[in-house]
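Next come the chains, spelled out residue by residue.
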Amino acid sequence: MGLLQNLPSPAFSFIDAHSLCYNFTIYPHPSPGEPWCVVQGQVDGNVFLSYHCGGTKIQSTSPLGEEVKTMNTWETQTETLRDIGNFLKGQLPDIIPEKHTARGPLTLQARMTCHCEEDGHISGSWQFGFNGEMCLRFDSENGHWTIDHSRGRQIKEKWENDRAVTDFFKKVSMGDCRAWLQDFMVCWEKMLKTSASPTTGPPTVQSMATAIKSKSWILPMVLTSFIIFS
């Protein structure tokens, strides 16, 4: 239960807020030769790993992954990510919508996130959906379920009173994911500060145009004021 405590030790406090996210896609009926489960890892929205649940190795997909793939934590992810994939696959018979009429096979998506605030507080959460449409959220801290789409109602009814399910989601998001975030950020924090990200990169054309437009009306106002007071 110690893994579920909310506050990390001072040694793991970060200067900036960061989030670690793992996106799972479960294919109930994969084509021959195709994986039944695919995992993508992201830190602050930047993809750094890819994994097939039946495989033995996690693949690094960016310099962020290369930076941490020699750490013991990198290898410890393998078994846990595989366990999560197997757990989600085992839940499919109970949560697949009864009136599934969409063309093509139904896939389950699950997104596990652990987020560290600037004050060091780490929270955990999950999102679930089918065929790319998220329909249910789970707050790992308070155990609260939120339905975002009618499809999420059936899953919520199956899971909210199942202690084994809620305990599993809490453990891996507030325990395993949190520990990985703490370990990886020792190497990542400087890289994430210096690398351009979608939210911290150069101004977009639209934002630059907005800034220019703002200046274009400020100048006439200044000139007008100057003439009046002269």
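Residues numbered from 1 in each chain as written. Predicted model: local features only at pLDDT ≥ 70, side-chain atom pairs only at ≥ 80, totals over all residues. Heavy atoms only, no water.

### A closer look at the packing of aromatic side chains
Tallied over the entire structure, the rule returns 21 aromatic pairs. Plain terms: the ring middles of Trp126 and Phe128 are 5.7 Å apart, the flat faces sit at 0° to each other, and that makes the pair stacked. A relative accessible area of 0% means that Phe128 is categorised as buried. Taken together, the ring pairs in this structure connect Phe24, Phe87, Trp126, Phe128, Phe138, Trp145, Trp159, Phe168 and Phe169 into an aromatic cluster. Of note, Lys89 hangs over the ring of Trp36, and the distance from its end group to the ring centre comes to 4.6 Å. (Phe/Tyr/Trp six-rings, centres within 6.5 Å; stacked < 30°, edge-to-face > 60°. Buried < 20%, exposed > 50% of the residue type's maximum accessible area, 1.4 Å probe, protein only. Lys NZ or Arg CZ within 6 Å of the ring centre and 35° of its normal.)

### A closer look at the sheet that holds strand 6 (residues 122-130)
What the eight strands build is an open sheet, ordered 4-3-2-1-5-6-7-8; its pairing is antiparallel. The two strands at the open ends of the sheet, each matched to only one other strand, are strand 4 (59-60) and strand 8 (145-147). For strand 5 (residues 108-116) and strand 6, the ladder comprises nine bridges, and the chain directions are antiparallel. Bridge assignment links Cys116 to a residue of strand 6, and that residue is Ile122. (Pairing = 2+ DSSP bridges. Helix = DSSP H or I, 4+ residues; strand = E, 2+ residues; numbered from the N terminus.)

### Points about the packing of helix 2 (residues 72-95) against helix 4 (residues 163-194)
Packing of helix 2 against helix 4 leaves a shortest axis separation of 11 Å and a crossing angle of 160°. Overall, the two elements helix 2 and helix 4 adopt an arrangement that is roughly antiparallel. Handedness of the helix 2/helix 4 crossing: left-handed. Contact with helix 2, carried on its side by Thr73, Trp74, Thr76, Gln77, Thr80, Leu81, Asp83, Ile84, Phe87, Leu88 and Gln91, involves Val165, Phe168, Phe169, Val172, Asp176, Trp180, Asp183 and Phe184 of helix 4 and no other residues of that element. In terms of residue class, the contact of helix 2 with helix 4 is built from eleven nonpolar, five polar and three charged. (Axes fitted to C-alpha atoms, helices over the stretch in contact; angles between N-to-C directions. Parallel < 35°, antiparallel > 145°, perpendicular 65-115°, else oblique. Left-handed = near helix turned anticlockwise from the far one by under 90°. Contact = heavy atoms within 4.5 Å. Nonpolar A, V, L, I, M, F, W, Y, C, P; charged D, E, K, R; others polar.)

### Some words on the nonpolar core
Residues Leu20, Tyr22, Phe48, Phe128, Phe169 and Trp188 are the most contacted members of the largest nonpolar core, which totals 49 residues. Sort the elements by how many residues they give to this core and helix 4 lands first, with eleven residues. For Trp188, the contacting residues outside a window of four places in its chain are Leu20, Val43, Phe48, Leu64, Glu67 and Val68. (Core = buried A, V, L, I, M, F, W, Y, C linked by side-chain atoms within 4.5 Å.)

### Thoughts on the pairing of strand 5
Both faces of the sheet carry side chains from a regular strand, because those side chains alternate between them. Counting buried residues along strand 5, seven of its nine residues qualify, which places the element largely inside the surrounding structure. Where strand 1 (residues 18-26) and strand 5 come together, nine bridges link them in antiparallel fashion. Residue pairing in the sheet places Ser19 in a bridge with His115 of strand 5. If you look at the hairpin formed by strand 5 and strand 6, you'll find five residues sitting between the two strands, and Gly120 has a positive phi there, around 95°.

### Concerning the packing of helix 2 against helix 3 (residues 152-159)
With their axes 10 Å apart at the nearest point, helix 2 and helix 3 run at an angle of 110° to one another. As the angle between them shows, helix 2 and helix 3 are arranged roughly perpendicular. Along this stretch, helix 2 crosses helix 3, giving a crossing that reads as right-handed. Across from Gln91, Asp94 and Ile95 in helix 2, the residues of helix 3 making contact are Gln154, Ile155, Lys158 and Trp159. Class assignment for the residues of the contact of helix 2 with helix 3 results in three nonpolar, two polar and two charged.

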